[in-house]
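# Descriptive structure summary
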Amino acid sequence: MATALIILAAGQGTRMNSDLPKVLHKVAGAPLVHHAMAAGATLAPERVVVVAGHGAEAVEKAVRAYDETAAVVRQDQQLGTGHAVQQALPALEGFEGTVIVLYGDTPFIRAETLDAMLVSGADVTVLGFVAADPGRYGRLIATDGALDRIVEFKDATETERAITLCNSGVVAVEARLLASLVAGLTNDNAAGEYYLTDIVAAARATGRSARVVTCDEAETMGVNTRAELARAEAAFQARARAEALETGVTMTAPETVFFALDTVVGRDATIGANVVFGPGVTVESGAEILPFCHFEGCHISRGARVGPFARLRPGTELAEDVHVGNFVEVKNAILDEGVKVGHLTYLGDAHVGEHSNIGAGTVTCNYDGVMKHRTEIGAHAFIGSDTMLVAPVRIGAGALTGSGSVITEDVPDGALALGRAKQVTKPGLAVRLFEKLKQTKARRDEDRK
């Protein structure tokens with residue numbers, strides 16, 4: 001059966017004490033709303049509708065960055081979860097299938113849990129969990145999985161508050177049934193809001209079935225404060241590290257490695273201590289990452305060796321068997337097979353041909369203050385240490401630059417280029433200068449007395 005998602009992301013999140021909408025705070029380098037969208041994406045939904053409110057323009061921009069086909073609707077007045085779903089329903093007009101309602105501040109719902117909800121067989125399926133500390137969660141009044149109703153904490157009796165089976169807020173309902181149930185909601189409750197949870201009692205009153213599917217409490221972790229954001233980050237990293245180890249990645253100090261939501265690391269890759277993966281990084285099988293590296297928006301191929309203390313920025317492509325060593329920064333550059341960049345180098349807006357060697361201290365001078373320019377280095381070239389390549393410039397295949405050169409013109413294939421001032425040597429001058437400096441210092445010391 002076809003599925004659609006409604007993701008509620010309208011809340012201000014006042015307890016975050018932030019001007020940023022709550023769902024745009026990041027875990028693993030990605031906004032919370034992206035985590036919810038990623039969880040729902042495993043169902044291959046036919047439609048995705050995100051309900052935005054506080055900071056709607058920023059939320060919409062973030063949603064489009066993840067899925068440009070998603071619909072974004074606005075809930076200008078936050079009158080409850082039922083009211084939020086009402087705002088989303090017009091965007092689902094004509095859809096026939098199951099609608100799952102998710103929350104933009106609840107990042108850890110697993111694909112297996114959503115699958116279980118879809119096959120529960122009930123007209124209304126609610127995701128529940130047994131809470132160690134039920135606190136102010138809504139309580140699920142159920143017998144053997146059959147759900148009678150949901151009671152919000154504010155409206156619950158003392159007996160109902162003693163129940164530990166709690167409501168996550170996530171529901172799965174057939175689209176037309178959801179529309180009819182939401183249309184009948186009222187705000188006759190302690191908060192004066194339209195509760196989505198009230199659809200359970202409404203469905204049961206008309207003879208419809210309702211069931212609870214349960215998950216581990218950790219899946220339902222919501223983020224409402226900075227402390228909870230930090231706990232969510234820790235939970236994500238613990239899970240990501242465990243999954244990496246399980247799938248054949250070697251990590252010498254896994255507790256020091258930080259992954260992004262979309263990090264991909266292949267089997268038999270090795271990751272050293274204190275490595276940080278920003279968004280958009282793929283590391284192929286067999287690559288080796290040494291300690292203290294930082295990556296973002298890059299691709300590292302099989303057999304490559306990177307680090308220690310290397311930084312790969314967006315647009316970087318390392319082919320097989322490339323070596324990028326310590327204190328090397330690469331940005332928007334392609335390094336072909338077998339390239340070696342040992343240390344202390346910046347390569348930006350460049351293409352380096354296969355098996356070329358880039359000496360220490362090399363810099364591609366890619367920015368003239370207004371525009372960025374590219375550097376092209378041919379295959380099997382040798383760039384001498386401390387070479388400044390002033391882009392736009394091309395170094396031919398098999399060419400060589402002398403150490404300390406400033407290269408401002410193209411170098412033909414196989415040529416040697418020297419771009420440094422002629423050395424002038426003054427015999428004995430160093431001795432005389434040092435003696436003069438010593439005399440000057442002695443006079444100053446005497447004057448201070």
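Above this text you will find the structure in question.
None of the values given here were measured: they were computed from a predicted structure.

Criteria and thresholds
- Residues numbered from 1 in each chain as written.
- Predicted model: local features only at pLDDT ≥ 70, side-chain atom pairs only at ≥ 80, totals over all residues.
- Heavy atoms only, no water.
- Patch = residues over 30% accessible without salt bridge, like charges linked within 9 Å, V, L, I, M, F, W, Y side chains within 5 Å.
- Areas by Shrake-Rupley, 256 points an atom, 1.4 Å probe, with all protein chains shown as cover.
- Salt bridge = Lys/Arg side-chain N within 4 Å of Asp/Glu carboxyl O.
- Lys, Arg positive; Asp, Glu negative; His and termini not counted.
- Charge placed at Lys NZ, Arg CZ, Asp CG, Glu CD.
- Helix = DSSP H or I, 4+ residues; strand = E, 2+ residues; numbered from the N terminus.
- Buried < 20%, exposed > 50% of the residue type's maximum accessible area, 1.4 Å probe, protein only.
- Polar contact = N/O pair within 3.5 Å; in protein donor to acceptor, adjacent residues only side chain to side chain.
- Contact = heavy atoms within 4.5 Å.
- Axes fitted to C-alpha atoms, helices over the stretch in contact; angles between N-to-C directions.
- Parallel < 35°, antiparallel > 145°, perpendicular 65-115°, else oblique.
- Left-handed = near helix turned anticlockwise from the far one by under 90°.
- Nonpolar A, V, L, I, M, F, W, Y, C, P; charged D, E, K, R; others polar.

What follows is about a negative patch on the surface. A cluster of acidic side chains, namely E320, D321, E337 and E354, defines a negative patch on the protein surface. Mapped onto the secondary structure, E354 falls in the loop between strand 24 (340-352) and strand 25 (357-358). With relative accessibility at 35%, the residue E354 sits in the partly exposed group.

All right, on to a nonpolar patch on the surface then. Together, F292, F309, F327 and L344 make up an exposed nonpolar region whose accessible area comes to about 410 Å². Turning to its location among the elements, F292 is positioned in the loop between strand 17 (288-289) and strand 18 (294-295).

With respect to the helices and strands, the residue T387 is situated in the loop between strand 28 (382-383) and strand 29 (388-390). Residue T387 is classed as buried on the basis of its relative accessible area of 0%. Side-chain polar atoms of T387 contact the backbone oxygen of G384, separated by 2.6 Å. Residues within four places of T387 in sequence aside, it is in contact with G361, T362, V363, T401, G402, G404, S405 and I407.

Quick look at the packing of helix 1 (residues 32-41) against helix 2 (residues 56-66) now. At a minimum axis separation of 10 Å, helix 1 and helix 2 run at an interaxial angle of 40°. It follows from the interaxial angle that helix 1 and helix 2 lie oblique. Taken as a pair, helix 1 and helix 2 cross one another with a handedness that is right-handed. Of helix 2, the residues touching helix 1 (which contributes V33, H34, M37, A38 and A41) are A62, V63 and Y66. Split into classes, the residues belonging to the contact of helix 1 with helix 2 amount to seven nonpolar, one polar and no charged.

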